[in-house]
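Working through the structure, step by step
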Amino acid sequence: MSSTAVLAYADLLPESFELGVFDLDSSHDDGLPHVARQLALGEPLRIVAFGSSSTQGIGASTPAAAYPARLEAALKRALPRLAGGVTVLNRGIGGEAIDEMLARLDRDVIGEHPDLVIWQTGSNDALRGIALDHFRDETLTAVRRIREAGIDVVLMEPQWCPRFDATPGAYRFRDAVREIGETLDVPVIRRSTLMRDWIGQAKLTHSELFSADGLHMADRGYDLLAQAAAADVLREAGATTAVAEAIPTAE
């Protein structure tokens, strides 16, 4: 992306945006080359939010409060001059683990011909006792298939939550997602770290972050997640310096 285009988009970012935690070498340019191309050409941006209940929006008060809907709204605000706008398709189905998601990979991801898929995964695998090696191997294979189809990939790790704290070995799936990102040079949204930081920095309370079941996020948590994801997508599409200057990390 040209520096002029990057600065033009950065100037449009709302002050309320916050940089998230992204597992990618900051020296790496255009970590999302297909997204970068769409932004550079001013063409429509099409994203599939793929995953389980956290993507579907369980715990949100309405579908419009789920993170994919909030992500679409945030990117539309940031990119008002993008011809054709931004579309985020919610392809989350609650309760699914790796095998169920892979069964619909062609239909719900590759068949939608997006520029980017944000894949939230690993939560139900941990809670259902899926073999870690199986999860890792199948996820690696699926990410390669998505990229071979000409689609950028961002992974989103499992959440931090009381249910995970009480489940032995659950956070091994979080670590596996991070390892897959490192192995394949795919960005990973470190949701677990983000959530801990929001509480630690008093950006919101536990009741604002978690829904009543103690597993899923609530409206405010989904909104913060969407803001972090939106800023990170723009940054990893090549706007690292400009976005970092335009969106100062909250104190």
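Let's talk about the overall build of the chain
- Within the chain one finds 13 helices and 5 strands.
- When each of the 251 residues of the chain is scored for burial, the buried share is 55%.
- A fraction of 78% describes how many contacts in the chain between residues 6 or more apart in sequence connect residues 24 or more apart.
- Total accessible area on the chain is roughly 10,300 Å²; 49% of this is exposed by carbon and sulfur atoms.

Digging into the sheet that holds strand β2 (residues 86–92)
- Strand order across the open sheet formed by 5 strands is β2-β1-β3-β4-β5, with parallel pairing between neighbours. Each of the sheet's edge strands pairs with one partner strand only, and the pair in question is β2 and β5 (188–189).
- Relative to strand β3 (residues 116–120), strand β1 (residues 45–51) runs parallel, the two sharing 4 bridges. The residue of β3 that forms the bridge with Val 48 is Val 117.
- Packing against the sheet, helix α4 (residues 67–78) makes contact with β1, β2, β3 and β4 (152–156), and its axis sits at approximately 170° to β2.
- This element, helix α8 (residues 132–148), spans β3 and β4 of the sheet and lies at about 165° to β3.

Considering the side chain of Arg 174
- Examined against the element boundaries, Arg 174 turns out to sit in helix α10 (residues 171–184).
- The buried category is assigned to Arg 174, whose relative accessible area is 17%.
- Sequence-distant contacts of Arg 174, defined by excluding residues within four places in its chain, comprise Glu 157, Pro 158 and Ser 192.

Points about unusual backbone geometry
- A positive phi angle, near 55°, is found at Asp 185, a position not held by glycine.
- Along the chain, Asp 185 turns up in the loop between α10 and β5.
- Even without being glycine, Ala 202 reaches a positive phi, approximately 60°.
- Within the fold, Ala 202 resides in the loop between α11 (191–200) and α12 (206–209).

Remarks on the confidence of the model for the chain
- When pLDDT is averaged along the chain, the result is 85, and 83% of the positions lie at 70 or above.
- Mean pLDDT across the secondary structure elements of the chain bottoms out at helix α1 (residues 3–11), with 38, and peaks at β3, with 98.
- With pLDDT under 50 throughout, residues 1–29 is counted as low confidence; its partners more than four residues away or in other chains account for 81 contacts.
- Low pLDDT (under 50) marks residues 240–251, which in the prediction has 24 contacts with non-local residues, meaning those over four places away or in another chain.

So, the packing of aromatic side chains
- Applying the stated criterion across every chain yields a total of 4 aromatic pairs.
- Between Trp 160 and Phe 210, the aromatic rings sit 5.7 Å apart at their centres with planes inclined by 65°, giving edge-to-face as the arrangement. Taken together, the residues Trp 160 in the loop between β4 and α9 (162–165) and Phe 210 in the loop between α12 and α13 (219–246) connect sequence positions 50 residues apart.
- Residue Trp 160 is classed as buried on the basis of its relative accessible area, which comes to 11%.

Re the nonpolar core
- Membership of the largest hydrophobic core comes to 73 residues, with the highest contact counts inside it found for Leu 71, Ile 118, Trp 119, Leu 155 and Trp 198.
- The greatest single-element share of this core, amounting to 10 residues, is contributed by α13.

Points about the environment of Val 154
- When you line up the elements, Val 154 lands in strand β4.
- As for Val 154 and Gly 181, which are separated by 27 residues in sequence, their C-alpha atoms are 8.4 Å apart.

Details of the packing of α8 against α10
- Across the interface, α8 lies against α10 with an axial gap of 10 Å and an inter-helix angle of 35°. Regarding α8 and α10, the two cross each other, and that crossing is right-handed. Across from Leu 132, Phe 135, Arg 136, Thr 139, Leu 140, Val 143, Arg 144 and Arg 147 in α8, the residues of α10 making contact are Arg 172, Phe 173, Ala 176, Val 177, Glu 179, Ile 180, Thr 183 and Leu 184.
- A per-class count over the contact of α8 with α10 returns 9 nonpolar, 2 polar and 5 charged.

Considerations on the packing of α10 against α11
- Two elements in contact, α10 and α11, have axes whose closest approach is 10 Å; the angle formed by their N-to-C orientations is 115°. Between α10 and α11, the contacting residues are Tyr 171, Arg 174 and Arg 178 on the first element and Ser 192, Thr 193 and Arg 196 on the second.
- Among the residues forming the contact of α10 with α11, the class breakdown is 1 nonpolar, 2 polar and 3 charged.

Conventions we followed
- For every chain, the first residue of the written sequence is number 1, and numbering continues from 1 along that sequence.
- Under the rules for a predicted model, residues below a pLDDT of 70 receive no local features and side-chain atom pairs below 80 are neither given nor counted, while totals for whole chains, interfaces and linings still include all residues.
- The side-chain quantities take in all heavy atoms of the structure and omit both hydrogens and water.
- Secondary structure elements follow DSSP: runs of H or I of four or more residues count as helices, runs of E of two or more count as strands, with numbering from the N terminus.
- Under the scheme applied here, a residue whose accessible area is under 20% of the maximum for its type counts as buried, over 50% as exposed, and between as partly exposed, the area being computed with a 1.4 Å probe on protein chains only.
- Here, two residues are considered to be in contact whenever any of their heavy atoms come within 4.5 Å of each other.
- Note that accessible areas follow from Shrake-Rupley with a 1.4 Å probe, and for residues the cover is restricted to the protein chains shown.
- DSSP calls a pair of strands paired once it identifies at least 2 bridges connecting them.
- Inter-axis angles, ranging from 0 to 180 degrees, are taken between N-to-C directions of lines fitted to C-alpha atoms, where helices are fitted over the stretch in contact.
- Looking at any residue, its pLDDT shows the predictor's confidence there, from 0 to 100.
- Only the six-membered ring of Trp is used, alongside the rings of Phe and Tyr, when aromatic pairs are assigned; centres must lie within 6.5 Å, and planes under 30 degrees apart are stacked while those over 60 apart are edge-to-face, with the rest tilted.
- To qualify as a nonpolar core, a set must consist of buried Ala, Val, Leu, Ile, Met, Phe, Trp, Tyr and Cys residues joined through side-chain atoms within 4.5 Å.
- For a crossing to be left-handed, the near helix must be turned anticlockwise from the far one by less than a right angle; the clockwise case is right-handed.
- For this scheme, ten residues count as nonpolar: Ala, Val, Leu, Ile, Met, Phe, Trp, Tyr, Cys and Pro. Four count as charged, namely Asp, Glu, Lys and Arg, and the remainder, Gly too, count as polar.

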